[in-house]
Amino acid sequence: MDLLNTLVDKGLRRELPTREEALAVLATSDDDLLDVVTAAGKVRRHWFGRRVKLNYLVNLKSGLCPEDCSYCSQRLGSTAGILKYTWLKPDEASQAAAAGLAGGAKRVCLVASGRGPTDRDVDRVSDTIKAIKDQNEGVEVCACLGLLSDGQAERLREAGADAYNHNLNTSEGTYAEITTTHTYADRVDTVQKAHAAGLSACSGLIAGMGESDEDLVDVVYSLRELDPDSVPVNFLIPFEGTPLAKEWNLTPQRCLRILAMVRFVCPDVEVRIAGGREVHLRTMQPLALHLANSIFLGDYLTSEGQAGKADLEMIADAGFEVEGAGEVTLPEHRVTAGGGCGSQAGAGCGSHEGAGCGSHDEGAGCGASQESAGCGSHEGGGVCGTAAAAPAGEPRTDLVAVRRRGAGTDLAPNA
């Protein structure tokens, strides 16, 4: 297929595809799906080999958020039966993080619900970052605390934070349909503040909220322009008790096409499969590893994920390897240039007009923003799809499980 050959060539050169080419990837048929995965896999392997980076979420403060993000179980007015608790103490958060690090994670993502942190909240998180780093040499820490005020990104950097997550979530044109309590521009501003403070920017999207192909391409091009080092791709978990509870728009094939499109547009950035992979990719998760080079291990913010042991087995069985703590995730040119997935020297991601790779955020975290649910989350969990299969085309509501273990509970975490 000429389209795929062109996209591979552009991906190896870090050249931005045209919008028409990106849309064409989303429009490919299921018959061509393996060809799409194979092509995008060549780009992924060129920049990242067969390494898979593991990330681990710690929900520092759950629920009770004043924002109205429609996808989020922690939103204002949500009746989802999630865990609700105020700030974990630094030693509690460090203990929770230790479980993920023992399972092979090299980055800990510290997330707190809310519009954005107060200065006192930044102090709390700074103490938590120090506690985790004091006890775990070489660990990366990413903070996800919502909208940042002036000077807060610099304070987090001084405390030892390596990265900051704030997702764009959807296109600028449809953002107001998803959230009304803050704007798309607010999200962009926070990602830019993180960049300016010397933090590695992490910003991604949520697919499956009823958006069009054009919306998906718009947000990924916007992300490329923002030039994050990592782009988490969430797939909507339609939590009962939220406005999007009936939005079951994704198939495993659709998810793979979306991941392939993101890889072609942002070829040399860390593409992370975030919330919803177990619910929507299900038994096709291993194929997604040919497109993305990063996943979350274990549970998410308010929902359960695939058992951590099953994650590790999946990676090994698919012929991939867990990225070691001493390995550098990003290609050398991005590290030496301070980040950027652009195709021209010094241009960063999206050096072409209209380019861009992501920018809204939700009150959720580190790309698991709307939190993903988990297959195999009960009784120690197995591989996704081990439950009785629903009729073809029926929503897999049985795979949405609220987290009842780990941070904020007395039960051991899943890692």
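An unreviewed UniProt entry annotates the protein as Biotin synthase of Streptomyces shaanxiensis. Entered under Function (unreviewed entry) in the UniProt record, the comment concerning the protein runs "Catalyzes the conversion of dethiobiotin (DTB) to biotin by the insertion of a sulfur atom into dethiobiotin via a radical-based mechanism."

Asker: Is there a simple way to explain the overall build of the protein in this structure?
Answerer: When its secondary structure is counted, the protein shows 14 helices and 10 strands. Expressed as a percentage of its 415 residues, the buried residues of the protein come to 62%. Counting only contacts in the protein whose residues sit at least 6 apart along the sequence, the fraction spanning at least 24 positions is 80%. Surface exposure of the protein reaches about 14,600 Å², of which carbon and sulfur atoms provide 48%.

Asker: Explanation requested: the packing of aromatic side chains in the structure shown.
Answerer: Scanning the entire structure with this criterion turns up two aromatic pairs. Measuring from centroid to centroid gives 6.0 Å for Y175 and Y184, while their planes differ by 70 degrees, and the two rings are edge-to-face. For Y184, a relative accessible area of 8% puts it in the buried group. Taking the centre distance of 6.1 Å and the plane angle of 70 degrees together, the rings of F296 and Y300 count as edge-to-face. For Y300, a relative accessible area of 2% puts it in the buried group. Here the guanidinium or amino end of R50 rests over the ring plane of F320, the centre of that ring lying 4.4 Å away.

Asker: Sorry if this is basic, but what is going on with the UniProt feature "binding site: [4Fe-4S] cluster" (unreviewed entry) in the protein here?
Answerer: UniProt marks C65, C69 and C72 with the feature "binding site: [4Fe-4S] cluster" (unreviewed entry), using the numbering shown here. Position of C65 relative to the elements: it lies in the loop between β1 (51–61) and α4 (90–102). Along the chain, the position of C72 falls in the loop between β1 and α4.

Asker: Mind showing me how you'd approach the environment of V191 here?
Answerer: Following the sequence through the fold, V191 ends up in helix α8 (residues 184–196). Classification of V191 as buried rests on a relative accessible area of 3%. The spatial distance from the C-alpha of V191 to the C-alpha of D227 is 9.3 Å, given a sequence separation of 36 residues.

Asker: Quick question: what am I supposed to make of the pairing of strand β2 (residues 107–112) here?
Answerer: Each regular strand shows side chains that alternate between the opposite faces of the sheet. Of all six residues that make up β2, six are buried, and the element is covered over most of its length. In the sheet, β1 pairs with β2 via six bridges, with the strands oriented parallel. When the bridges of β2 are listed, Y56 appears paired with V108. In this fold, the crossover linking β1 to β2 by way of α4 has right-handed handedness. Across five bridges, the pairing between β2 and strand β3 (residues 140–144) is parallel. Of the residues in β3, the one forming a bridge with R107 is E140. The β-α-β motif built from β2, the intervening helix α5 (residues 119–135) and the parallel element β3 has right-handed crossover chirality.

Asker: I tried to follow the UniProt feature "binding site: [2Fe-2S] cluster" (unreviewed entry) in the protein on my own but got confused; where do I start?
Answerer: The UniProt record marks C109, C142, C202 and R272 with the feature "binding site: [2Fe-2S] cluster" (unreviewed entry), using the residue numbering of this structure. A maximum C-alpha distance of 13.8 Å among these annotated residues, which run over 164 residues, shows that they cluster at one spot. Tracing the backbone shows C142 in strand β3. Residue C142 is classed as buried on the basis of its relative accessible area, which comes to 0%. Here R272 is to be found in strand β8 (residues 270–273). Among the residues examined, R272 registers a relative accessible area of 0% and is labelled buried.

Asker: Help me understand the pairing of β8 in this model?
Answerer: Going residue by residue along β8, you find E270 and R272 tucked away on one face and V271 and I273 tucked away on the opposite face as well. Sheet analysis places strand β7 (residues 230–235) next to β8, joined by four bridges and oriented parallel. Across the sheet, V233 pairs through a bridge with I273, a residue of β8. In terms of handedness, the path from β7 via helix α10 (residues 252–265) over to β8 forms a crossover that is right-handed.

Asker: What should I look at first to understand the packing of helix α1 (residues 2–13) against helix α2 (residues 19–26) in this one?
Answerer: The relative placement of two packed helices comes down to the angle between their axes together with the axis-to-axis distance. The N-to-C vectors of α1 and α2 enclose an angle of 120 degrees; their axes lie 11 Å apart at closest approach. When the axis of α1 is compared with that of α2, the two are oblique. Classified by chirality, the crossing of α2 by α1 is left-handed. Every residue of α2 that contacts α1 at L3, T6, L7 and K10 is listed here: E21, A24 and V25.

Asker: Explain the environment of V8 to me, please; I cannot follow it from the model alone.
Answerer: Considering the arrangement of structural elements, one finds V8 in helix α1. Placed 31 residues apart in sequence, V8 and A39 show a C-alpha to C-alpha distance of 6.1 Å. Discounting chain neighbours no more than four positions away, the residues touching V8 are A39, K42, V43 and F264.

About the thresholds
- Residues numbered from 1 in each chain as written.
- Predicted model: local features only at pLDDT ≥ 70, side-chain atom pairs only at ≥ 80, totals over all residues.
- Heavy atoms only, no water.
- UniProt positions renumbered as here; feature names shortened; annotations may be inferred.
- Helix = DSSP H or I, 4+ residues; strand = E, 2+ residues; numbered from the N terminus.
- Buried < 20%, exposed > 50% of the residue type's maximum accessible area, 1.4 Å probe, protein only.
- Contact = heavy atoms within 4.5 Å.
- Areas by Shrake-Rupley, 256 points an atom, 1.4 Å probe, with all protein chains shown as cover.
- Phe/Tyr/Trp six-rings, centres within 6.5 Å; stacked < 30°, edge-to-face > 60°.
- Lys NZ or Arg CZ within 6 Å of the ring centre and 35° of its normal.
- Pairing = 2+ DSSP bridges.
- Right-handed = clockwise from strand over helix to strand, strands pointing away.
- Axes fitted to C-alpha atoms, helices over the stretch in contact; angles between N-to-C directions.
- Parallel < 35°, antiparallel > 145°, perpendicular 65-115°, else oblique.
- Left-handed = near helix turned anticlockwise from the far one by under 90°.

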